[in-house]
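Inside the fold
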Amino acid sequence: MLFGPLGLSDAEGAILAHSQRTGSGTIKKGTVLSAGHIEALRAAGLSEVVAACLEAGDVHEDEAAARLAEAVAGVNVRVDRAFTGRANLFSQKPGILTVDRAAIDAFNRIDEAITVATLDAFAPVVDGTMIATVKIIPFAVPGGSVEKALRTVPPRGLFSVAPYKPTTVGVVSTVLSGTSEKMLKKTARVLAERVAPAGAVLLEELRVPHEPAAVAAALADLKGRGANLLLVFGASAIVDRGDVVPAGIEAAGGTIHDFGMPVDPGNLLLIADIAGTAVVGAPGCARSPRENGFDWVLQRLLAGIPVSRDDITGMGVGGLLMEIESRPQPRAGQEVETQTPKVAAILLAAGQSRRMGGPNKLTEQIRGKPMVRIAADAVLASSARPVIVVTGHQPDQVEAALAGLDVTFVNNPDYADGLSTSLKTGIEALPADVDGAVVCLGDMPAVDASVIDRLVDAFAPADGSAVVVPTVQGKRGNPVLWGRRFFPALTAIRGDVGARHLIGENAELVAEIEIAGDAVLTDVDTPEALARIRNGQTA
């Protein structure tokens, strides 16, 4: 591939390296220049552009990405259409991501132009989770490199999704005289939320005295009733292989395989089996919804993935699981002064309005105001501050529509690459001291300040309400309020996709607020929708 400055007379058929504005719009980087493009560039006063020219044997970035993505995708993985040299891959089933780390490393060493990136090994995913991306760095790659990369990929691909297996979970909780009923109920609720994504069935919880014989009898009972995974929550933490819970497992005919793991919280976890049925002695942190070592083991077992001693000892790197919130949160029982979380707002106003058939919908008038100004006025009438407005397509027109408002504008030069780029731009512009941000859409003029304030009022990250979603008869809508802990995950999303998968993956941290009417379900994407809004209709 040849790359560099190119006179316009020689540029037809070349690939534009950097976006260029012309009198009639913008020619995006990566565009194969036509005679019409050349004419527009000349009219804009340009005599040359920086461009790439493919040579014999070169493979265009999109073709290369598509071919490689199809090759690396394993079982239960869907490949999205390649664009801008990138092909994203998504889970087709709920389960656990398994990766061939050595093969991925070998693939990435073939040519600096060819890359694949995945989520962490054994990450839990739901249907539609983006699990990997294949990216071609330049505009084309030598065909020989593509063929060499394809030869490194084993027939099974580089990664797959191990779907959750039908699992019947038996639970034993031991009790002492001071054991709290409230704690037991919380443990049961948190566990139910943990296993729900896997579709596991929970048998009746058996509560027994904190004694080996009682533990053994309960385990035998549950196994006899069809449990193929057994969990034991001790009234007192397991501190030794000879403690009550492991003694009870052995009394039931079980074998202790591992005690302790290099994951904190989660150190005091025990793994055993009784005649082939896995048994987990849960650490105390398993009573909390916060991520801990128990999750790492439970998720694999629910997908039918065995957990060996080598697996456990290999969890140390990355095994220090810090507090979820950006600032330390109080432990249960500590007395603290309640502090109201600080919530900002991000108003996304960068889209190209493709479905409108021409005009920028955000500047279309509704009852004498531009649509985007109605949305901005609603945000400014709420308690969310500051208000960040993300522009992209026709930024001057959007800024003019919002003239005089107390908002901060940030421009997303990559807006054409999808919604995720605007979300990333907005989050990166937030002040460091905000606890969360409500993400609003410029094409939802029916959402008013009361909706936003209800989300803000329900936001309590320290109490487990770290994402707040409006619903109408159970159907989720927008805007959504995200706690700071999710900012890294939100900025990591790629392509023209939103963040719905994060809600599914973190159900225990989601608060749903029922909203009357259809405002939170109504966006304006088409001329017909615009006409309905102008007539006072939302559905």
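Predicted model only: the values in this text are computed from it and were never measured. (Residues numbered from 1 in each chain as written. Predicted model: local features only at pLDDT ≥ 70, side-chain atom pairs only at ≥ 80, totals over all residues. Heavy atoms only, no water.)

**Some thoughts on the sheet that holds strand β2 (residues 15–16)**
As a reminder of what qualifies: What makes two strands pair is DSSP finding at least two bridges between them. Starting at the N terminus, helices and strands are each numbered in turn, a helix being any DSSP run of H or I of at least four residues and a strand any DSSP run of E of at least two.
Reading across the sheet, the 3 strands line up as β1-β5-β2 and stay open at both edges, with antiparallel pairing between neighbours. Every interior strand has two partners, whereas the edge strands, β1 (2–7) and β2, have only one. Bridging between β1 and strand β5 (residues 48–53) involves 6 bridges; their strand directions are antiparallel. Paired with L2 across the strands is C53, a residue of β5.

**What about the side chain of N88?**
The following threshold applies: Residue contacts are defined here by distance: any two heavy atoms, one from each residue, within 4.5 Å place the two residues in contact.
Mapped onto the secondary structure, N88 falls in strand β8 (residues 86–91). Apart from residues lying up to four places away in sequence, N88 is in contact with R78, V79, D80, F83, M130, A132, T133, R494 and G495.

**A word on the packing of helix α2 (residues 61–72) against helix α4 (residues 143–152)**
So the rule is basically this: The axes used here are C-alpha line fits, helices contributing only the stretch in contact, and every angle between their N-to-C directions lies in the interval 0 to 180 degrees. Should an angle fall under 35 degrees it is taken as roughly parallel, and over 145 as roughly antiparallel, whereas 65 to 115 is taken as roughly perpendicular and any remaining angle as oblique. When residues are grouped by polarity, Ala, Val, Leu, Ile, Met, Phe, Trp, Tyr, Cys and Pro land in nonpolar, Asp, Glu, Lys and Arg in charged, and all others, Gly among them, in polar.
Put simply, α2 and α4 touch, their axes get as near as 10 Å, and they point 10° apart. On the basis of the axis angle, α2 is roughly parallel to α4. Of α4, the residues touching α2 (which contributes A64, R67, L68 and A71) are V146, E147, A149 and L150. Here the contact of α2 with α4 is composed, by residue class, of 6 nonpolar, no polar and 2 charged.

**Remarks on the sheet that holds strand β9 (residues 95–99)**
The strand order across the open sheet built from 3 strands is β11-β9-β14, with neighbouring strands paired in antiparallel fashion. Either end of the sheet is taken by a strand with one partner, and the two such strands are β11 (124–125) and β14 (159–163).

**What to know about the pairing of strand β22 (residues 343–349)**
Heads up, the condition is: Each residue gets one of three labels from its accessible area relative to the maximum for its type: buried under 20%, exposed over 50%, partly exposed in between, using a 1.4 Å probe on protein chains only.
For β22, a buried count of 7 out of 7 residues is recorded, marking the element as mostly surrounded by other parts of the structure. Residues of β22 alternate between two faces, with V343, A345, L347 and A349 on one and A344, I346 and L348 on the opposite face, all of them buried. Bridging between β22 and strand β27 (residues 436–441) involves 6 bridges; their strand directions are parallel. Residue L348 lies in a different strand from β27, and its bridge partner there is L441. Bridging between β22 and strand β25 (residues 387–391) involves 5 bridges; their strand directions are parallel.

**Considering the packing of helix α6 (residues 212–224) against helix α7 (residues 244–251)**
Angle between the axes and distance between the axes: these two values describe a pair of packed helices. Rules: Crossings are classed by handedness, with left-handed meaning an anticlockwise turn of the near helix from the far one by less than a right angle and right-handed meaning a clockwise turn.
Contact pair α6 / α7: the axes reach a minimum separation of 7 Å and the direction vectors enclose 50°. Looking at the two axes, α6 sits oblique to α7. Between α6 and α7 the crossing geometry is right-handed. Where α6 abuts α7, its residues P212, V215, A216 and L219 lie against V244, V245, A247, G248, I249 and A251.

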